[in-house]
Amino acid sequence: MSKKVIPYKDSELGKKEQVTEMFDKVSSNYDVLNRVLTFGIDISWRKHVVALVKEGNAQKVLDIATGTGDLAIMMAKADISDVTGLDISPGMLNIGIQKVKDEGLNGKVDMVIGDSEKLPFEEGTFDAITVAFGVRNFENLELGLREILRVLKPKGTLTVLETSQPTGFPVKQGFQFYSKYVIPTIGKLFSKDKNAYDYLPESAAAFPYGEAFNNILLKTGFNSSKVYPQTLGVATIYHAIK
């Protein structure tokens, strides 16, 4: 990122600990607010991620920063037989565990607590790894990506879904207004953590999206990577191969 963005500017905790605290606080209404703030479009973005994973015939998949498990559950429902969801926030993960149980997916989706920068898996474990709206929360982006590379099998894939910044008029101006004013206002009305919905758009704006992030993937050691802008550039999918 061009600058370090943290949830709590007056805290002495590191970014990783702050992000954990923040997501624990917002976990109870995160799903509802996420649907409202994206107008539900994020569901179609996740479907595109699942399609890319299935193109590679992956059956053992790790979903990092799984949160409440939306993407992990979607992959399991798409007949991916072995899905692990990993998150650093116990609050988010507990909701995800209940959702997996409610969907009857116990045994098909395993939800585990873990740090994206120190993954608790052996080298070459997974056919594919996904991260939806999580890489911008990594404290050390390149370290997290190297860890992902380590636990991927040769020719395994990494598919990242992340917010980005539209560049064309008037979408750019409209998105900037929405991110700066609408998201924080709605978030502060309905969230238990008043800082979270300032941090989320700030971290998105600071993230090196598009070709900049694609170049980081290649620098980290991935052999190839493609960029798929979504919905006029408000989000981007990156599909990289080890």
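Summary of the structure given here.

What to know about the pairing of strand 3 (residues 109-113)
Look at any regular strand and the pattern is simple: side chains alternate between the two faces of the sheet.
(1) Moving on: Where strand 2 (residues 82-87) and strand 3 come together, 5 bridges link them in parallel fashion. The partner of Leu86 across the bridge, within strand 3, is Val112.
(2) Moving on: Between the parallel pair strand 2 and strand 3, the chain is carried across by helix 5 (residues 90-102), and the sense of this crossover is right-handed.

Description of unusual backbone geometry
(1) Moving on: Residue Pro170 is bonded to the preceding Phe169 through a cis peptide linkage, with omega at 0°.
(2) Moving on: Here Pro170 lies in the loop between strand 5 (152-163) and helix 7 (171-190).
(3) Moving on: Notably, Lys155 is not glycine yet its phi reads approximately 70°, a positive angle.
(4) Moving on: The residue Lys155 is located in strand 5 in this model.
(5) Moving on: The exposure class of Lys155 is exposed, given its relative accessible area of 72%.

Section: the packing of aromatic side chains
(1) Moving on: Under the definition given, this model contains 7 aromatic pairs.
(2) Moving on: One aromatic cluster is present, built from ring pairs that chain together Phe207, Phe213 and Tyr238.

So, the nonpolar core
In globular proteins that are soluble, nonpolar side chains generally tend to be buried together.
(1) Moving on: Residues Val53, Val61, Met75, Val83, Val109 and Leu161 are the most contacted members of the largest nonpolar core, which totals 28 residues.
(2) Moving on: Not counting the four nearest positions on each side in its chain, Met75 is found in contact with Val50, Val53, Val61, Asp63, Ile80, Val83 and Thr130.
(3) Moving on: Listed in part, the 25 residues of the second largest apolar core include Val131, Phe207, Tyr238 and Ala240.

Some points on the environment of Asp42
(1) Moving on: You can see Asp42 is positioned in helix 3 (residues 42-55).
(2) Moving on: Along the sequence, Asp42 and Thr231 sit 189 residues apart, while their C-alpha atoms lie 9.7 Å from each other.
(3) Moving on: Asp42 has contacts with Asn34, Arg35 and Phe133, leaving out every residue within four places of it along the chain.
(4) Moving on: At 2.5 Å, the side chain of Asp42 forms a polar contact with the side chain of Thr38.

Rules of the game
- Residues numbered from 1 in each chain as written.
- Predicted model: local features only at pLDDT ≥ 70, side-chain atom pairs only at ≥ 80, totals over all residues.
- Heavy atoms only, no water.
- Pairing = 2+ DSSP bridges.
- Helix = DSSP H or I, 4+ residues; strand = E, 2+ residues; numbered from the N terminus.
- Right-handed = clockwise from strand over helix to strand, strands pointing away.
- Buried < 20%, exposed > 50% of the residue type's maximum accessible area, 1.4 Å probe, protein only.
- Phe/Tyr/Trp six-rings, centres within 6.5 Å; stacked < 30°, edge-to-face > 60°.
- Core = buried A, V, L, I, M, F, W, Y, C linked by side-chain atoms within 4.5 Å.
- Contact = heavy atoms within 4.5 Å.
- Polar contact = N/O pair within 3.5 Å; in protein donor to acceptor, adjacent residues only side chain to side chain.

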